[in-house]
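Chain and residue survey
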Amino acid sequence: MSILIDKHIRVIVQGLTGKEGLFHTEQMIHYGTCIVGGVTPGKGGKKYLGVPIFNTMDEAVHHTGGDVSVIFVPSFFASDAILEAISMNMRIIVCITEGIPVSDMIQIKNFLKGKKSRLIGPNCPGIISPEESKVGIMPNLVFNKKGKVGIVSRSGTLTYEAADQIVQYGYGISTAIGIGGDSIIGMNITDILNLFLKDTETKCIVMIGEIGGKLEIDAAEWWMKNSGNQKPIIGFIAGQTAPKGRTMGHAGAVIGNKSETAQVKMDILKKNGIHIVTSPADIGMKVHEVIQKEDQ
């Protein structure tokens, strides 16, 4: 089984009528995702790509029964879109938007406490389960084979690269999730590993991290304490040559102290039983080696 999403989800696209929303909604439909509605204030009553548009999330949920939301709203309005989705008890909320102010994300994190909604992102590629559904912007062609390898990543591009390598070695993906590269996000790596640990279909996990923050360290230490080494993890940390204090690509990818460097993170991950690769080009090969060893 996949985690978080499946073929039965009913997706509402917030910001569907914009350029990015239209393009990626069409791609999600082609992938087989059930898109039941879109939300754009002032365009209620119209249809785009055959999908009905509503002025508010309240109207969209009432008329469609949608339970998952994906957000393509500009950064100045994206926090309101997330809060609206949480208020409507969306089971999963995927925010693609980048550039949301940290102060807005602090408010959102506080609002999420005690709610049923799970937030992926912001500034993320989303979530995809081959032969089930896609909620986000992952390329359809890369994720064309269902299998037993789960992926959790802070980098969208490296998520696609890892998946492509894994498929080239003859394996498939159970679920791939890009959690986003901002300093404050919704679900973190530990949250996703916990779901993969419980998933009977996922037998091996690829974890792609970056410099900055402690998400990977916290996840590795949690894994060692809770998994009983039931499933192998292949880990990679991007930013091995990054200078201290400079933001590298993502807002959260900045080294604040020694523990946030790529080398220190890789050392800690290895200490906690995670199989480390030093180049993203080696992810597929390492997955193959680990799975072959596990199957012996």
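Before reading on, note that the structure itself is shown above.
About the criteria used
- Every residue gets a number counted from 1 within its own chain, in the order that chain's sequence is written.
- Thresholds applied to this predicted model are a pLDDT of at least 70 for local features of residues and 80 or more for the giving and counting of side-chain atom pairs; totals over whole chains, interfaces and linings are not thresholded and use all residues.
- The basis for every side-chain value is the complete set of heavy atoms in the structure, and neither hydrogens nor water enter the calculation.
- When DSSP finds two or more bridges between a pair of strands, those strands are recorded as paired.
- Helix and strand definitions follow DSSP, with helices as H or I runs of at least four residues and strands as E runs of at least two, each counted in order from the N terminus.
- Here a cavity denotes grid points, spaced 1 Å and computed from the protein atoms alone, that fit a 1.4 Å probe unable to get out, and a pocket denotes an open set having protein on both sides within 12 Å along at least 5 of 7 lines; residues with an atom within 4 Å of a point are the lining.
- Grid points are joined across faces, edges and corners, and a volume is the space filled by probe spheres set on the points.
- The nonpolar class holds Ala, Val, Leu, Ile, Met, Phe, Trp, Tyr, Cys and Pro. Asp, Glu, Lys and Arg form the charged class, and all remaining residues, Gly among them, are polar.
- Classification of residues uses two cut-offs on accessible area relative to the type maximum, computed with a 1.4 Å probe and protein chains only: under 20% is buried, over 50% is exposed, and between them is partly exposed.
- When we speak of the arc, we mean the arc of directions from the helix axis to the C-beta atoms.
- Whether two residues are in contact is decided by their heavy atoms, any of which lying within 4.5 Å being enough.
- Working rule for helices: expected span equals 1.5 Å times residues minus one.
- Lines fitted to the C-alpha atoms define the axes, with helices restricted to the stretch that makes contact. Angles between their N-to-C directions range from 0 to 180 degrees.
- Here a Phe, Tyr or Trp ring, Trp counted by its six-membered ring, pairs with any other such ring whose centre lies within 6.5 Å, and the pair is stacked when the planes are under 30 degrees apart, edge-to-face when over 60, and tilted otherwise.
- With respect to orientation, any angle under 35 degrees is reported as roughly parallel, any angle over 145 as roughly antiparallel, any angle of 65 to 115 as roughly perpendicular, and every other angle as oblique.
- Every crossover in which the path from the first strand over the helix to the second runs clockwise, viewed with the strands pointing away from the viewer, is termed right-handed.

**Considerations on the sheet that holds strand β5 (residues 68-71)**
- Taking strand neighbours across the sheet as the criterion, the 7 strands line up as β3-β4-β2-β1-β5-β6-β7 in an open arrangement whose pairing is mixed. The strands lining the two open edges of the sheet, one partner per strand, are β3 (47-48) and β7 (118-120).
- Alignment of β5 against strand β6 (residues 92-95), held across 4 bridges, turns out to be parallel. Across the sheet, residue Val68 finds its bridge partner in β6, namely Ile92.

**Regarding the layout of surface pockets**
- Considered as a void within the structure, the largest pocket measures approximately 270 Å³ in volume.
- If you trace the largest pocket, you find 15 residues lining it, with Val39, Thr40, Pro41, Val73 and Phe77 closest to the centre.
- When residues of the lining of the largest pocket are assigned to their parent elements, the largest contribution, 4 residues, is made by helix α3 (residues 75-87).
- For the lining of the largest pocket, the per-class residue count stands at 7 nonpolar, 6 polar and 2 charged.

**Examining helix α4 (residues 102-112)**
- Those residues of α4 that sit buried are Asp104, Met105, Ile108 and Leu112. Viewed along the axis of α4, the buried residues span an arc of 95°, placing them on a single side of the element.
- In this fold, the buried residues of α4 make contact with α3 and β7.
- Where α4 terminates, the next one or two residues include Gly114, which has phi positive at roughly 80°.

**Notes on helix α9 (residues 283-295)**
- Over its 13 residues, α9 runs 18 Å from end to end, which matches the ideal 18 Å to within 8%, given 1.5 Å per residue.
- Along α9, the positions that sit buried rather than exposed are Ile283, Gly284, Val287, Val290 and Ile291. The buried side chains of α9 occupy one side of the element, clustering within an arc of 130° when seen end-on.
- Those residues of α9 hidden inside the fold are in contact with β10 (146-153), α5 (156-168), β12 (204-210), β13 (233-238) and β14 (275-276).

**Section: the sheet that holds β12**
- Pairing is mixed across the open sheet formed by 7 strands, whose spatial order is β9-β8-β11-β10-β12-β13-β14. Each edge of the sheet is formed by a strand with only one pairing partner; in this case those strands are β9 (133-136) and β14.
- Across 6 bridges, β12 lies against β13 in parallel orientation. Note on β13: the bridge partner recorded for Ile205 is Ile233.
- The strands touched by helix α6 (residues 189-198) within the sheet are β10, β11 (173-178), β12 and β13, with β10 carrying the most contacts at an inclination of about 165°.
- Relative to the sheet, helix α7 (residues 215-226) contacts β12 and β13, its axis offset from that of β12 by approximately 150°.

**Considering the packing of aromatic side chains**
- Summed over all chains, the structure comprises 1 aromatic pair.
- Seen in terms of ring centroids, Trp222 and Trp223 are 6.2 Å apart; in terms of plane orientation they differ by 45°. Their pairing is tilted.

**Here's the deal with the packing of α7 against helix α8 (residues 262-271)**
- Two numbers describe how α7 lies on α8: the axes approach to 9 Å, and their chain directions differ by 5°. As summarised for this structure, α7 and α8 are arranged roughly parallel, according to the angle between their axes. Touching Glu216, Ile217, Ala220, Glu221 and Met224 of α7 are Lys265, Ile268, Leu269 and Lys271, all from α8.
- Across the contact of α7 with α8, the residue classes tally to 5 nonpolar, no polar and 4 charged.

**Quick word on the pairing of strand β1 (residues 11-14)**
- Burial along β1 is two-sided: Val11 and Val13 facing one way and Ile12 and Gln14 facing the other are all buried.
- Pairing geometry for β1 and strand β2 (residues 35-39), over 4 bridges, is parallel. By the bridge assignment for β2, Val11 is matched with Ile35.
- In this fold, β1 hands off to helix α1 (residues 19-31), which returns the chain to β2; that crossover is right-handed.
- With 4 bridges joining them, β1 and β5 adopt parallel strand pairing. When the sheet's bridge partners are listed, Ile12 is paired in β5 with Ser69.

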